[in-house]
Amino acid sequence: MNALASKQANPSAPTPADLTITVRDERFNRAAAPRRWWAGDPFGTAWHNALSATFPRGEAFFIEAVKAHREGADPRLEAEIRAFVRQEINHTREHIAFNRLAADHGYDIKAIDKRVEELLAMTKERPVIFNLATTMALEHYTAMMAAEFLANPAHFDNADPEVRAMWEWHAVEEIEHKGVAYDTWNHATKDWSKAKRYKLRTIMMLLVTFHFFRNRWTDSLELLAQDGITGWKAKWGMFKYLAISPGVVRRIVPAWLAYFKPGFHPWDHDDRALIGKYEGEFQAALSPAE
């Protein structure tokens with residue numbers, strides 16, 4: 001059954017009925033020795049190192065935010081949440097290994113980890129539904145960037161092959177589970193009005209966007225400073241990388257704007273073809289979700 005037929009069969013569940021979330025238990029960068037600027041330039045390296053430094057704590061937060069709202073979920077959503085958790089645990093493990101490589105090259109990423117820890121500590125005092133709304137917004141970011149990385153080879157053209165393989169593997173699974181947090185949100189807020197749902201999810205996306213770019217910009221500039229690249233050279237190089245070429249931020253703007261459409265769902269755009277492009281590389285590690 002294709003995605004359109006799935007939606008026609010069950011309009012209340014935009015996630016394709018034939019979607020399978022597969023746990024690919026891959027391991028990377030254990031014996032590898034990528035160069036310091038593994039992305040081929042300092043700016044792409046700094047951006048992705050900064051992202052990776054946030055993942056261990058960030059993905060643990062995502063897991064807990066989704067698990068906190070799984071009670072009463074239908075069997076399919078329950079299974080998707082389990083698969084989501086298993087995928088995110090594997091992502092955390094691989095980014096811990098990758099972050100060690102960055103540290104081995106002399107990058108001090110402790111400040112980034114500390115900043116994430118402090119931000120997450122602030123979430124302890126607020127209603128847990130806010131954490132799910134935050135997770136939903138950040139999962140949209142990871143899915144947008146994942147789709148862009150897979151669709152546009154320019155992002156990793158000059159990257160170390162094994163590091164590129166890790167990011168592609170992560171991207172495939174981010175696309176695959178991009179609707180889980182959103183479907184969990186729909187389940188958790190099923191008794192809310194449409195207006196209340198829309199208000200919180202869009203306000204949270206605006207807040208997440210502000211903090212995401214402010215912090216990742218700061219993180220990237222700090223890493224560039226450790227390479228001796230500072231001032232306008234660092235800022236212009238980072239801006240050029242993000243907004244011009246390869247321009248990941250510029251290229252995800254339409255997908256970001258789609259989040260504000262009333263009735264939006266991550267699977268409004270079915271980009272599983274991007275998963276298919278890479279599935280053959282992972283066949284040996286396939287472990288179907290329960």
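Residues numbered from 1 in each chain as written. Predicted model: local features only at pLDDT ≥ 70, side-chain atom pairs only at ≥ 80, totals over all residues. Heavy atoms only, no water.

### Here we look at the overall build of the protein
The helix and strand tally for the protein stands at eleven helices and two strands. Listing each helix as α and each strand as β along the protein from the N terminus yields α-β-α-α-α-α-α-α-α-α-α-α-β. At 19 Å, the protein has a C-alpha radius of gyration in line with the 19 Å of a compact globule built from 290 residues. Overall, the protein is about 55 × 40 × 30 Å in size when its C-alpha atoms are taken along their principal axes. When burial is assessed residue by residue, the protein has 52% of its 290 residues classed as buried. If you take every contact in the protein between residues at least 6 apart in sequence, the share linking residues at least 24 apart comes to 86%. Within the structure as shown, the protein displays about 13,400 Å² of accessible surface, and the carbon and sulfur contribution to it stands at 59%. (Helix = DSSP H or I, 4+ residues; strand = E, 2+ residues; numbered from the N terminus. Rg over C-alpha atoms; globule rule 2.2 N^0.38 Å. Buried < 20%, exposed > 50% of the residue type's maximum accessible area, 1.4 Å probe, protein only. Contact = heavy atoms within 4.5 Å. Areas by Shrake-Rupley, 256 points an atom, 1.4 Å probe, with all protein chains shown as cover.)

### Considerations on the side chain of N90
Tracing the chain through its elements places N90 in helix α3 (residues 75–104). Among all residues touching N90, those that are not within four sequence positions of it are V23, R24, D25 and W169.

### Brief notes about the confidence of the model for the protein
Per-residue confidence for the protein averages 91 on the pLDDT scale, and 91% of its residues sit at or above 70. Model confidence for the protein, summarised as mean pLDDT per element, is weakest for helix α1 (residues 3–9) at 40 and strongest for helix α9 (residues 231–243) at 98. Every residue in residues 1–12 scores below 50 in pLDDT, and together they form 13 contacts with partners more than four places removed in sequence or on other chains. Considering only residues more than four positions removed or in separate chains, one finds that residues 282–290, a stretch of pLDDT under 50, has 23 contacts. (pLDDT = per-residue confidence, 0-100.)

### Looking at the nonpolar core
Ranked by internal contacts, the top residues of the largest apolar core, which has 70 residues, are W38, W47, Y141, M145, W167, L224 and Y259. At eleven residues, the largest contribution of residues to this core is made by helix α2 (residues 42–67). When sequence neighbours within four positions are dropped, the list of residues in contact with L224 reads P42, F43, A46, I229, A234 and M238. Counting nine residues, the second-largest nonpolar core is a separate cluster that includes A146, A171, V172 and L274. (Core = buried A, V, L, I, M, F, W, Y, C linked by side-chain atoms within 4.5 Å.)

### A look at the environment of I129
Its location among the elements puts I129 in helix α5 (residues 128–151). Residues I129 and V66, spaced 63 residues apart in sequence, show a C-alpha to C-alpha distance of 9.4 Å. Look past the residues within four positions of I129 in its chain and what remains in contact with it is H69, W185, A188, T189 and W192.

### Focus on the pattern of salt bridges
Evaluation of the coordinates by the stated rule reveals 21 salt bridges. E176 is paired through a salt bridge with R24; the nearest N and O atoms lie 2.9 Å apart. A residue pair is termed long-range when its members are at least 10 positions apart, and E176 in helix α6 (residues 161–176) and R24 in strand β1 (residues 22–24) qualify at 152 residues. Accessibility expressed as a relative area gives 3% for E176, which makes it buried. R24 sits in the buried class, given a relative accessible area of 1%. (Salt bridge = Lys/Arg side-chain N within 4 Å of Asp/Glu carboxyl O.)

### A few points about the packing of α5 against α6
Taken N-terminus to C-terminus, the directions of α5 and α6 make an angle of 125°; their axes are 8 Å apart at the nearest point. The angle between α5 and α6 places the two elements in the oblique class. For the crossing formed where α5 meets α6, the hand is left-handed. Across from E139, T142, A143, A146, A147 and L150 in α5, the residues of α6 making contact are E168, A171, V172, E174 and I175. Counted by class, the contact of α5 with α6 contains seven nonpolar, one polar and three charged residues. (Axes fitted to C-alpha atoms, helices over the stretch in contact; angles between N-to-C directions. Parallel < 35°, antiparallel > 145°, perpendicular 65-115°, else oblique. Left-handed = near helix turned anticlockwise from the far one by under 90°. Nonpolar A, V, L, I, M, F, W, Y, C, P; charged D, E, K, R; others polar.)

### Quick look at the packing of aromatic side chains
What the rule picks out here adds up to 18 aromatic pairs. Their ring planes at 50° and their centres at 5.2 Å tell us that Y259 and F264 sit as a pair that is tilted. Across the pair, exposure class does not vary: Y259 and F264 are buried alike. The structure contains a cluster of three or more aromatic residues connected by ring pairs, namely W38, F55, F98, F149, F156 and W167. The ring centre of Y107 lies 3.9 Å from the NZ or CZ of R36, which sits over that ring. (Phe/Tyr/Trp six-rings, centres within 6.5 Å; stacked < 30°, edge-to-face > 60°. Lys NZ or Arg CZ within 6 Å of the ring centre and 35° of its normal.)

### With respect to unusual backbone geometry
For residues besides glycine, phi is generally negative; the peptide bonds are generally trans as well. A cis amide bond, omega 0°, links S245 with the succeeding residue P246. Within the fold, P246 resides in the loop between α9 and α10 (248–258).

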